Amino acid sequence: QKLKIYCAEVYCVPQVIFSACELGVFDLLLQSQKPLKAGEVARELGTSEDGMERLLDVLVGIEILEVEHTEGTAHYSSTDVSNLYLAKASPKSLHDMIIYNSQTIYPLWNNLVDAVREGKNQNEKTFGLSSKDIFSAIYRSEEEMLKFMGLMNSTWAIDGHDIVTAFNLSGFKSMVDLGGCSGALARELAREYPSSTVTVLDLPKVVQTAKQHFTESGCTVEFQEGDFFEGDLPPADLYILARIIHDWKKDKCEKLLKKIHSSTSPGGGVLIVEAMLFESRRGPITAQLYSLNMLVQTEGKEHPPSHYTGMLTQAGFKDVQVCRTGKSYDAVLAIK
Ligand SMILES: C[S@@+](CC[C@H](N)C(=O)[O-])C[C@H]1O[C@@H](n2cnc3c(N)ncnc32)[C@H](O)[C@@H]1O
Ligand SMILES: *[C@@H]1O[C@H](CO)[C@@H](O)[C@H](O)[C@H]1NC(C)=O
Ligand SMILES: *[C@@H]1O[C@H](CO)[C@@H](O)[C@H](O)[C@H]1NC(C)=O
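Since the model is a prediction, treat every value here as computed from it, not as a measurement.

Let's talk about the confidence of the model for the protein
Per-residue confidence for the protein gives a mean pLDDT of 95; residues scoring 70 or more make up 98%. Here helix α1 (residues 8–11) stands out as the least confident element of the protein, with mean pLDDT 78; strand β6 (residues 238–242) is the most confident, with 99.

Brief notes about the environment of glycine 179
Along the chain, glycine 179 falls in the loop between β3 (174–178) and α12 (184–192). Among the residues examined, glycine 179 registers 21 C-beta atoms within 10 Å and is labelled buried. For the pair glycine 179 and alanine 242, spaced 63 residues apart in sequence, the C-alpha to C-alpha distance is 7.6 Å.

A word on the UniProt feature "domain: O-methyltransferase C-terminal" (unreviewed entry) in the protein
The positions that UniProt labels "domain: O-methyltransferase C-terminal" (unreviewed entry) are, in the present scheme, residues 109–318. Along residues 109–318, the helical share is 46% and the strand share 13%, with 38 Å between the first and last C-alpha atoms.

A look at the nonpolar core
Ranked by size, the top nonpolar core spans 83 residues in total, and within it Tyr239, Ile240, Leu241 and Val270 carry the most contacts. Ranked by residues supplied to this core, first place goes to helix α11 (residues 142–164) with seven residues. Non-local contacts of tyrosine 239, meaning those with residues more than four positions away in its chain, are made with Val176, Leu178, Ile260, Thr264 and Val270.

Quick notes on the UniProt feature "domain: O-methyltransferase dimerisation" (unreviewed entry) in the protein
Mapped onto this numbering, the UniProt entry gives "domain: O-methyltransferase dimerisation" (unreviewed entry) at residues 9–87. Taken end to end, residues 9–87 is 62% helix and 15% strand, and its two terminal C-alpha atoms sit 22 Å from one another.

Here we look at the sheet that holds strand β9 (residues 330–335)
Spatially, seven strands are ordered β5-β4-β3-β6-β7-β9-β8 in an open sheet, and the strand pairing comes out mixed. Two strands bound the open sheet, and with one partner strand each, they are β5 (222–225) and β8 (318–323). Neighbour-to-neighbour, the strand axes of the sheet open up by a mean angle of 20°, direction not taken into account. Contacting β7 (269–274), β8 and β9, helix α16 (residues 305–314) crosses the sheet at an angle of about 155° to β8.

Let's talk about helix α7 (residues 95–109)
For α7, which comprises 15 residues, the first-to-last C-alpha distance of 20 Å matches the rise-based estimate of 21 Å (1.5 Å per residue) to within 8%. At asparagine 101, α7 is bent by approximately 40°, the largest bend along its length. For α7, the set of buried residues is His95, Asp96, Met97, Ile98, Thr104 and Leu108. Packing partners of the buried residues in α7 comprise α2 (13–23), α6 (80–86), α9 (123–127), α11 and α15 (285–297).

Digging into unusual backbone geometry
For the bond running from glycine 283 to proline 284, omega is -10°, close enough to zero to count as cis. Relative to the assigned elements, proline 284 resides in the loop between β7 and α15. Non-glycine residue cysteine 181 carries a positive phi angle of around 55°. Within the element layout of this structure, cysteine 181 appears in the loop between β3 and α12. Residue classification places cysteine 181 among the buried positions, given that 26 C-beta atoms sit within 10 Å. In this structure, arginine 243 takes a positive phi of about 55° despite not being glycine. Mapped onto the elements, arginine 243 comes out in the loop between β6 and α14 (250–263). Overall, arginine 243 belongs to the partly exposed group, with 19 C-beta atoms counted inside 10 Å.

Scoring rules and cut-offs
- Residues numbered from 1 in each chain as written.
- Chains lettered and ligands numbered in written order.
- Predicted model: local features only at pLDDT ≥ 70, side-chain atom pairs only at ≥ 80, totals over all residues.
- pLDDT = per-residue confidence, 0-100.
- Helix = DSSP H or I, 4+ residues; strand = E, 2+ residues; numbered from the N terminus.
- Buried ≥ 20, exposed ≤ 12 C-beta atoms within 10 Å, placed from the backbone.
- UniProt positions renumbered as here; feature names shortened; annotations may be inferred.
- Core = buried A, V, L, I, M, F, W, Y, C linked by C-beta atoms within 7 Å.
- Contact = placed C-beta atoms within 7 Å.
- Pairing = 2+ DSSP bridges.
- Axes fitted to C-alpha atoms, helices over the stretch in contact; angles between N-to-C directions.
- Expected span 1.5 Å × (residues − 1).
- Bend = angle between axes of the 7 residues up to and from the residue.

Below, the structure is given as structure tokens:
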């Protein structure tokens, strides 16, 4: 069973799903009212018939698609799983995440050997971009920015509610989500705490893209352009740092937390949202893998609870509470 992790079943299956997503297989089968032959799928999506047939057969083999045989010909159809998670149209779609993994994360992980050897990210070797300015690499084109923001946006459709209810935050009347990206988590906060104001602060280009592509009607979230390492932060009762600490070296994190501490009043707080390692660092496996991903893509890492408690206490915060949600992301709340 253990040896299975070295087999094609594990390292080729992701590529099968990535490719089917990129080619639009799951969207076509969702839209189609009836099961389709390999030749029909190939024609619609502009691929070779032979290649498509083999891809579809593996998708059936791993139970992502279903097949029926009529008059000796295979007809392929979608399943609940492919309709719900893999087709673009579903509200729980993982499509954006899969595309980002396929086009950005996988190429970076091809250079894992060098990342481990050198102890630094592989933006230079993978994409020919400086390894120093991590967000210049992540946002290397308009298209890349949209893809990354789509990825960030998609997480909170699944895990957002658990995060915003991990603690009762109704006492915080103004909330600023630092590096809040598309505003997806901010929208969950605004929905759960309608009597609080919620503002997203992010880099100017990100805010402009968020306003253009990610706003939802009736949503009260405000956006503000800025740089959380430069100048003053907008005042707030609660600052949110979701997937921010894991991007940066320790000294930058400490500087940011000190700045937050001096920007809020006594009773104010900071909510850190990350995939937290166990104290022993012996899991969860997703957090361990994310930490390795931070090595290939950023200058940060994933931490166990004591690291957050340490950084927060050093910045002057007290009453540090840790909440493990049991999902992919966890929350830490600290009060000034
Ligand atoms: C890993 S993403 C997390 C996004 C969001 N908080 C979430 O969890 O979905 C990091 C975010 O920090 C933003 N960011 C990076 N450097 C920044 C800076 N100097 N000032 C403000 N935002 C910054 C990025 O644009 C990006 O939206
Ligand atoms: C962002 O995520 C929400 C679900 O939380 C989804 O309804 C919306 O379409 C997404 N926006 C974009 C532009 O992908
Ligand atoms: C949350 O706290 C507020 C006071 O800040 C209280 O009025 C409210 O009942 C609490 N809500 C829950 C669900 O515990």
